[in-house]
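So the chains spell out like this:
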Amino acid sequence: NTILYLAAHSTTAINITLFSASIPIITLIMSTVLLKHKPSRWQLLGIACSFLGVAIIVTKGSFYQLLSLTINPGDLMVIGIACVWSLYSVLLRKYPINLKPLALLTTFIAAGLPWLLVLTVIEWMAVPNIHVTGADGLLFLYIAVFPSILAYLFWTYGVTTVGPNVAALSTYLMPLFTAAIAIPLLGERLAVSQLLGGLLILAGLYLGSLFRANPH
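Draft legend 1. Spotlight on the environment of Ser10. Tracing the chain through its elements places Ser10 in the loop between helix H1 (2-7) and helix H2 (13-20). Counting along the chain gives 67 residues from Ser10 to Met77, while the straight-line C-alpha distance between them is 9.8 Å. Not counting residues up to four positions away in its chain, the partners in contact with Ser10 are Asn72, Pro73 and Gly74.

Put into structure tokens, the structure is as follows:
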């Protein structure tokens, strides 16, 4: 998450969304290599269908934006994050840890907290005039509870229940949820590209989860 926030300083939201959408593809490759799971044609079709839906939503149906994409350091960070997250998901299934999800998350937090404290000190030294307002505090609270705790608990449960390949497909729902939330909160209008992209994402999720990969 920290690296993703850093990447946002040197790349665009479209690039972050598109490169993050590579998680199911990378997970599928790692699952094939490490878990010996052979993906079905339906699963490959589901991934392709959902990826196309994401591309339509984030580019608003203008594929010229896809052709004009450029790679920068922020994009490389996002790709690196996608690889690490995919590997984590596959290893979570390959080497299950005999801990309850909350205990496992607590262990991860305890291991990662010292590194975050070091980064915090470095940032305070580099940017000494950081002022935290009440609104910032609420934002930090949201980040601490929902993306940093609940999301990890749900993800761990999902991976151990349905496997990394099917769980990874759920990442395609993020741009769909973003568009759905932006309509009532930001007053945005539902575009044809968003509707078409959303239908493709849902169709891809249906294909990818209904027709599971052959474990043999």
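Draft legend 2. Focus on the side chain of Thr27. When you line up the elements, Thr27 lands in helix H3 (residues 23-34). Looking at Thr27, its side chain comes within polar contact range of the main-chain oxygen of Ile23, at 2.7 Å. Those residues within four positions of Thr27 in sequence are excluded, and the remaining contacts are Ser86, Val90, Pro164, Asn165 and Ala168.

Draft legend 3. The arrangement of unusual backbone geometry in detail. A positive phi angle, close to 60°, is found at Lys36, a residue other than glycine. Tracing the sequence through the fold places Lys36 in the loop between H3 and helix H4 (41-59).

Draft legend 4. The arrangement of the packing of H3 against H4 in detail. Taken N-terminus to C-terminus, the directions of H3 and H4 make an angle of 160°; their axes are 10 Å apart at the nearest point. As judged from the angle between their axes, H3 and H4 are roughly antiparallel. Handedness of the crossing formed by H3 with H4: left-handed. Here Pro24, Ile25 and Leu28 of H3 lie close against H4, whose contacting residues are Gln43, Leu44, Ile47 and Phe51. Considering only residue class, the contact of H3 with H4 consists of 6 nonpolar, 1 polar and no charged.

Draft legend 5. Quick look at the side chain of Ser50. Here Ser50 shows up in helix H4. Relative accessible area serves as the criterion here: at 0%, Ser50 is assigned to the buried category. Filtering out sequence-adjacent residues up to four positions away, Ser50 remains in contact with Tyr172, Leu200, Ile201, Gly204 and Leu205.

Draft legend 6. Highlighting H4. Compared with an ideal rise of 1.5 Å per residue, which puts 19 residues at 27 Å, H4 spans 27 Å between its outermost C-alpha atoms and is within 8% of the ideal. Turning to H4, its buried residues are Gln43, Gly46, Ile47, Cys49, Ser50, Gly53, Val54, Ala55, Ile56, Ile57, Val58 and Thr59. Two residues or fewer past H4, Lys60 is found with a positive phi of approximately 55°.

Draft legend 7. Structural view of the packing of aromatic side chains. Within this structure, the stated rule accounts for 5 aromatic pairs. Seen in terms of ring centroids, Trp85 and Trp155 are 5.5 Å apart; in terms of plane orientation they differ by 45°. Their pairing is tilted. Of the two residues, Trp85 sits in helix H6 (residues 73-94) while Trp155 sits in helix H8 (residues 134-162), which places them 70 residues apart along the sequence. Trp155 sits in the buried class, given a relative accessible area of 13%. The interplanar angle of 70° and the centroid separation of 6.0 Å between the aromatic rings of Tyr88 and Phe108 together place this pair among those described as edge-to-face. Taken as a pair, Tyr88 in helix H6 and Phe108 in helix H7 (residues 101-126) lie far apart in primary sequence, 20 residues in all. Judged by relative accessible area, which is 35%, Phe108 ranks as partly exposed. Connected via pairs of aromatic rings, a cluster forms that spans Trp85, Tyr88, Phe108, Tyr152 and Trp155.

What counts, and at which threshold
Residues numbered from 1 in each chain as written. Predicted model: local features only at pLDDT ≥ 70, side-chain atom pairs only at ≥ 80, totals over all residues. Heavy atoms only, no water. Helix = DSSP H or I, 4+ residues; strand = E, 2+ residues; numbered from the N terminus. Contact = heavy atoms within 4.5 Å. Polar contact = N/O pair within 3.5 Å; in protein donor to acceptor, adjacent residues only side chain to side chain. Axes fitted to C-alpha atoms, helices over the stretch in contact; angles between N-to-C directions. Parallel < 35°, antiparallel > 145°, perpendicular 65-115°, else oblique. Left-handed = near helix turned anticlockwise from the far one by under 90°. Nonpolar A, V, L, I, M, F, W, Y, C, P; charged D, E, K, R; others polar. Buried < 20%, exposed > 50% of the residue type's maximum accessible area, 1.4 Å probe, protein only. Expected span 1.5 Å × (residues − 1). Phe/Tyr/Trp six-rings, centres within 6.5 Å; stacked < 30°, edge-to-face > 60°.

Keep in mind that these numbers describe shape and distance, not what the molecule does.
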